[in-house]
Amino acid sequence: MSRTSINADWRYAGPVLAGLLLLVLVLYHATVQSVLAKWGQFEQGEFAHGYLVLAVSVYMVFVSRNQLAELNPCSNALGLLAIAISGLLWLVAKVVDVQMVQALAVVLLLMSVIWTITGNRVTRQLLLPVLFLCFAIPIWSPLSPLLQELTADTVFWLTRAAGVPAMRVEQMIIVPGGSLSIEEACSGLRYLLAALTLGVLYAYLNFEDTWSRILVVVVAGFAAVVSNIIRVFIVIYLAYSSDMQHPWVSDHLAFGWWLFGAVLLLLMVIDIALSRRRVHRID
């Protein structure tokens, strides 16, 4: 098929697709607004990186614009079934008032509309940019108590191994001089989501092999969990050694982001060094 005919196909499919996607956002504006509200919680929210995720998703589409232009959009009737299922999922979630499922259903609706209008090949090309939005919607909240428990268990073990006379009462670590509670905000979910977001982007831009990309994302997620555990341990140890007077005891969020950034930077440096070594071996 000629480039002219391909452009003609997109001149029809493009406006139709854009109009239907906009229609989905308008029809489900309540769910969209609730997600945007979480994005606006810059200080305490786990999803304050939402606008960044949206920008990256748009950037992914922009980068792949040449590949998309070479594909022939062709409607797929199975997408209508996917739209119906996604809409039903949203309706059920609305009835039982589960917002995170409502948000997921809207993303699935957007993907289903793309599939219906453009077909399989275009949908595969746009699958990652659209599903990337999942890092910015509140479907990860069930992980928070699990990460909280993991953090409390590991930090308490590290604290005792370091010789600190500590006791644990549920999620509270008690040391001489005071006690520190490991709340859900200390679970590290915000660091995990940020790491997964950056890991997927880094893997997308720097690797072509699927397994290499998966490995990068897994390592980034693991590093985020470990860095949060280290952060909480350091804060508790400083609380013990300073008799609760160290400034990081009361303001440890900024320290956490600095530590998180340092860990990710270290991983990037290691990856670059290993890549250079592989290139030298090939040469």
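Quick look at the structure, then. (Residues numbered from 1 in each chain as written. Predicted model: local features only at pLDDT ≥ 70, side-chain atom pairs only at ≥ 80, totals over all residues. Heavy atoms only, no water.)

**Section: the pairing of strand β2 (residues 172-175)**
In β2, alternate side chains face the same way, and those of I173 and V175 are buried while those of M172 and I174 on the opposite face are not. Examined bridge by bridge, strand β1 (residues 167-169) and β2 share three bridges and lie antiparallel to one another. Bridge pairing in β2 links V169 to M172. The pairing of β2 with strand β3 (residues 178-181) spans four bridges and is classified as antiparallel. Each bridged residue has a counterpart across the sheet, and for I174 the counterpart in β3 is S179. Linking β2 back to β3 in an antiparallel pair, the connection comprises two residues, with G177 at a positive phi of about 110°. (Buried < 20%, exposed > 50% of the residue type's maximum accessible area, 1.4 Å probe, protein only. Helix = DSSP H or I, 4+ residues; strand = E, 2+ residues; numbered from the N terminus. Pairing = 2+ DSSP bridges.)

**Details of the sheet that holds β2**
One open sheet holds the three strands; their spatial order is β1-β2-β3, and the pairing between them is antiparallel. At either end of the open sheet lies a strand with only one pairing partner, and these are β1 and β3. Taken pair by pair, the neighbouring strands of this sheet meet at an average axis angle of 25°, ignoring direction. Lying over the sheet, helix α7 (residues 143-161) contacts β1 and β2, oriented at roughly 160° with respect to β1. (Axes fitted to C-alpha atoms, helices over the stretch in contact; angles between N-to-C directions. Contact = heavy atoms within 4.5 Å.)

**Quick notes on helix α5 (residues 78-95)**
Along its 18 residues, α5 runs 26 Å from first to last C-alpha, staying within 8% of the 26 Å computed at 1.5 Å per residue. Along α5, the positions that sit buried rather than exposed are G79, A82, S86, G87, W90 and A93. End-on, the buried residues of α5 take up no more than an arc of 130°, which puts them together on one face. Facing away from the buried side of α5 by more than 90 degrees, the exposed set consists of L78, L80, L81, I85, L88 and V95. One or two residues past the end of α5 sits D97, with phi positive at roughly 60°. (Expected span 1.5 Å × (residues − 1). Arc of directions from axis to C-beta.)

**Observations regarding the nonpolar core**
Within the largest apolar cluster, 42 residues are counted, with the highest numbers of intra-cluster contacts made by M60, F132, F135 and W140. Those elements that place two or more of their residues in this core are α1 (3-27), α2 (29-39), α3 (50-63), α6 (99-131) and α8 (189-206). By residue number, the principal contributor to this core is α6, which donates 13 residues. With sequence-adjacent residues up to four places away left out, W140 is seen in contact with F47, C134, F135, L189, L193 and L196. (Core = buried A, V, L, I, M, F, W, Y, C linked by side-chain atoms within 4.5 Å.)

**Quick look at the side chain of T116**
Looking at where T116 falls in the secondary structure, it is placed in helix α6. A residue is classified by how much of its surface remains accessible, and T116, at 10% relative accessible area, is buried. A distance of 3.4 Å separates a polar atom in the side chain of T116 from the backbone nitrogen of L80. Apart from the residues within four sequence positions on either side, T116 is in contact with S75, N76, G79, L80 and I83. (Polar contact = N/O pair within 3.5 Å; in protein donor to acceptor, adjacent residues only side chain to side chain.)

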